[in-house]
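The primary structure of each chain is shown beneath.
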Amino acid sequence: MRLCSLLLLCLAAYLSSSYVISPPHMWTKLILTHHWPSTFCGMEVPVCHPNISYWTLHGLWPDKGIDCNSSWHFNSSEIEDLLPDMKKSWPDLLSPMSTGFWKYEWHKHGTCAAKAESLNSQHKYFSKALELYHKLDLDSILTKFDIIPSENYYKLSQIEGVIENFYSVKPKIQCVHPAKNAGFQILGQIEICFNSDFTLLDCEKHSTKTPKGHLDNHIAVDKTSGFSVCDQDVPVYYPTPP
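Calculation notes
Residues numbered from 1 in each chain as written. Predicted model: local features only at pLDDT ≥ 70, side-chain atom pairs only at ≥ 80, totals over all residues. Heavy atoms only, no water. Phe/Tyr/Trp six-rings, centres within 6.5 Å; stacked < 30°, edge-to-face > 60°. Helix = DSSP H or I, 4+ residues; strand = E, 2+ residues; numbered from the N terminus. Buried < 20%, exposed > 50% of the residue type's maximum accessible area, 1.4 Å probe, protein only. Pairing = 2+ DSSP bridges. Contact = heavy atoms within 4.5 Å. Salt bridge = Lys/Arg side-chain N within 4 Å of Asp/Glu carboxyl O. Disulfide = S-S within 2.5 Å. Core = buried A, V, L, I, M, F, W, Y, C linked by side-chain atoms within 4.5 Å. UniProt positions renumbered as here; feature names shortened; annotations may be inferred.

## Observations concerning the packing of aromatic side chains
Then step 1. Under the definition given, this model contains 16 aromatic pairs.
Then step 2. Centre to centre, the rings of Trp 72 and Trp 106 are 4.9 Å apart; their planes meet at 85°, and the pair counts as edge-to-face. Remark: Trp 106 occurs in helix H4 (residues 100-113) and Trp 72 occurs in the loop between strand S2 (56-62) and helix H3 (83-89); sequence separation between them is 34 residues.
Then step 3. An angle of 20° between the planes, with centres 5.6 Å apart, marks the rings of Tyr 153 and Phe 184 as stacked. Placement of Tyr 153 in the loop between helix H6 (138-144) and helix H7 (156-167) and of Phe 184 in the loop between strand S3 (172-176) and strand S4 (185-195) is noted, with a sequence separation of 31 residues between them.

## Section: the pairing of S2
Then step 1. With seven of its seven residues buried, S2 lies for the most part within the structure.
Then step 2. In the sheet, strand S1 (residues 29-35) pairs with S2 via six bridges, with the strands oriented antiparallel. Each bridged residue has a counterpart across the sheet, and for His 34 the counterpart in S2 is Leu 57.

## Let's talk about the environment of His 73
Then step 1. Assignment of secondary structure puts His 73 in the loop between S2 and H3.
Then step 2. For His 73, a relative accessible area of 53% translates into the label exposed.
Then step 3. The spacing of His 73 and Lys 103 is 30 residues in sequence and 8.1 Å in space, taken between C-alpha atoms.
Then step 4. For His 73, the contacting residues outside a window of four places in its chain are Trp 106, His 107 and Gln 122.

## Comments concerning the pattern of salt bridges
Then step 1. Within the structure shown, the criterion is met by four salt bridges.
Then step 2. Of the charged contacts, one joins Glu 131 and Lys 128 as a salt bridge, the two residues approaching to 3.2 Å between their closest N and O atoms. Within this pair, Glu 131 and its partner Lys 128 are both found in helix H5 (residues 122-136), separated by three residues, close to a single helical turn.
Then step 3. Relative accessible area serves as the criterion here: at 43%, Glu 131 is assigned to the partly exposed category.

## Some thoughts on the state of the cysteines
Then step 1. One pass over the structure, following the stated rule, counts four disulfides.
Then step 2. Covalent S-S linkage joins Cys 175 and Cys 230, the inter-sulfur distance amounting to 2.0 Å. Judged by the torsion about the S-S bond (95°), the Cys 175/Cys 230 disulfide is right-handed. Of this pair, Cys 175 sits in strand S3 while Cys 230 sits in the loop between strand S6 (228-229) and strand S7 (236-237), placing them 55 residues apart in sequence. Across this residue pair, the class does not change: Cys 175 and Cys 230 are buried.
Then step 3. The partner cysteine of Cys 193 in its disulfide is Cys 203, sulfur to sulfur 2.1 Å. The disulfide joining Cys 193 to Cys 203 has a torsion of about 105° about its S-S bond and is therefore right-handed. Placement of the pair is Cys 193 in strand S4 and Cys 203 in the loop between strand S5 (200-201) and S6, with a sequence separation of 10 residues.

## Description of the nonpolar core
Then step 1. Grouped together as the largest cluster of nonpolar side chains are 49 residues, with contacts concentrated most on Trp 90, Phe 126, Leu 142, Ile 159 and Ile 163.
Then step 2. For this core, the element with the highest residue contribution is H5, accounting for seven residues.
Then step 3. One finds Phe 40, Cys 41, Cys 48 and Leu 93 within the second-largest nonpolar core, a separate group that totals five residues.

## Observations regarding the pairing of S3
Then step 1. Burial analysis of S3 places four of its five residues in the buried class, the great majority of the element.
Then step 2. Across two bridges, S3 lies against S6 in antiparallel orientation. Its bridge partner being in S6, Gln 174 is matched across the sheet by Val 229.

## Notes on the UniProt feature "active site" (unreviewed entry) in the protein
Then step 1. Listed under "active site" (unreviewed entry) in the UniProt record, and renumbered for this structure, are His 58, Glu 105 and His 109. Maximum C-alpha separation among the annotated residues is 11.3 Å over a sequence range of 52 residues, consistent with a single clustered spot.
Then step 2. Mapped onto the elements of the fold, Glu 105 is located in helix H4.
Then step 3. Owing to a relative accessible area of 0%, Glu 105 belongs among the buried residues under this scheme.
Then step 4. The residue His 109 is located in helix H4 in this model.
Then step 5. Of the residues examined, His 109 reaches a relative accessible area of 0% and is grouped as buried.

Written as structure tokens, this is what we have:
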């Protein structure tokens, strides 16, 4: 009887420690997603404002969870000091004067990211996304290495190579595929990934923080976005701004 009690105590301690290390439903990877306004606005979007000539933020997405707290409503007054940068770096291409895009991103992704103490407020979430966006400075890096909008096509490996060589991690690059036999694909979205401690991570890998046996359910791609992973063998068109 004493041995049985001891075994149960040990089991309870093990389960308790496992919970501390890896809480259920806790994300382990963040995806900082950039999109190219000209491509987004060219996807038969009826009302769009594509007159932006730099990569903008689409979102900061944890790899687990969607709409994690429907009662945690978006409140723009909590990020009032961030709004000038938000309007420039994270614009709503459909309704520039609206906060609807940020509200959507907060409800769908921010409430899940907020499971981590480092992102457990609207201000922490949006300010961290902006911080990572500016730290990466993706637009400047692509330009520096001659990946610029052009009527000429690129190989996907050229774009991947610049990002991998500079940041030392593998991104996830997404395109729009206009037609089955078009002969090209349109550069649309670039994801760069981070561990939970905000260190860079290969997007195709599990986080180094992921406990053994913990599944990494990648839900970062919005199914309605129209973007899908670029084909390695198809030329890439990087459209010029209008």
